[in-house]
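Geometric and topological summary
Each chain, letter by letter, is given below.
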Amino acid sequence: QHHIGSTHVLHHLNPRVPHYHAQEATEAIKKAFPDLYLYDPTPIPKAIWRIVSNCISVKKVNRDDLGEVWVYDDPSMNAQASEGGEYLEKSRWRSA
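This write-up is about the structure you can find in this document. (Residues numbered from 1 in each chain as written. Predicted model: local features only at pLDDT ≥ 70, side-chain atom pairs only at ≥ 80, totals over all residues. Heavy atoms only, no water.)

Once that is clear, we can look at the overall build of the protein chain. Assigned secondary structure in the protein chain consists of four helices and two strands. Along the protein chain, helices (α) and strands (β) appear in the sequence α-α-α-β-β-α when read from the amino end. Of all 96 residues assigned to the protein chain, the portion counted as buried reaches 16%. In the protein chain, once contacts between residues fewer than 6 apart in sequence are set aside, the share between residues at least 24 apart is 11%. (Helix = DSSP H or I, 4+ residues; strand = E, 2+ residues; numbered from the N terminus. Buried < 20%, exposed > 50% of the residue type's maximum accessible area, 1.4 Å probe, protein only. Contact = heavy atoms within 4.5 Å.)

So, in structure tokens, the structure goes:
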């Protein structure tokens, strides 16, 4: 097995570590950063379904009365927003 699902964080920290040291390096990361390293053992198909069925996306819009605001990018939630419904606080979202 290549363990890409359980050792992928390593790739983002140091892509030069060869795959045959990935498990060893991942264990070192877990020990060094126990509060930061998170792992979800959910099988990939189940995880994808969870994301697709529960994901709430947002988009930035300009409103004459409010300026630049973040709204939910969902037709039913957009209807609420266009009627003066709930907007997302700017401080909760970081620019990409």
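Right, let's talk about the environment of A22 for a bit. One can find A22 in helix α2 (residues 22-32). Residue class for A22 comes out buried when judged on its relative accessible area of 8%. Between the alpha carbons of A22 and S6 there is a distance of 9.2 Å; along the sequence they are 16 residues apart. Setting aside residues no more than four positions away along its own chain, A22 makes contact with T7 and L10.

Of all hydrophobic cores here, the largest spans five residues; its members are L10, A22, A25, I29 and Y37. At three residues, the largest contribution of residues to this core is made by α2. What L10 contacts, discounting residues up to four positions off in sequence, is P15, V17, A22, A25, T26 and I29. (Core = buried A, V, L, I, M, F, W, Y, C linked by side-chain atoms within 4.5 Å.)

With that settled, the discussion passes to the pattern of salt bridges. Per the counting criterion, the structure on display carries four salt bridges. With a closest N to O distance of 3.0 Å, R63 and D65 form a salt bridge. Classification of D65 as exposed rests on a relative accessible area of 55%. (Salt bridge = Lys/Arg side-chain N within 4 Å of Asp/Glu carboxyl O.)

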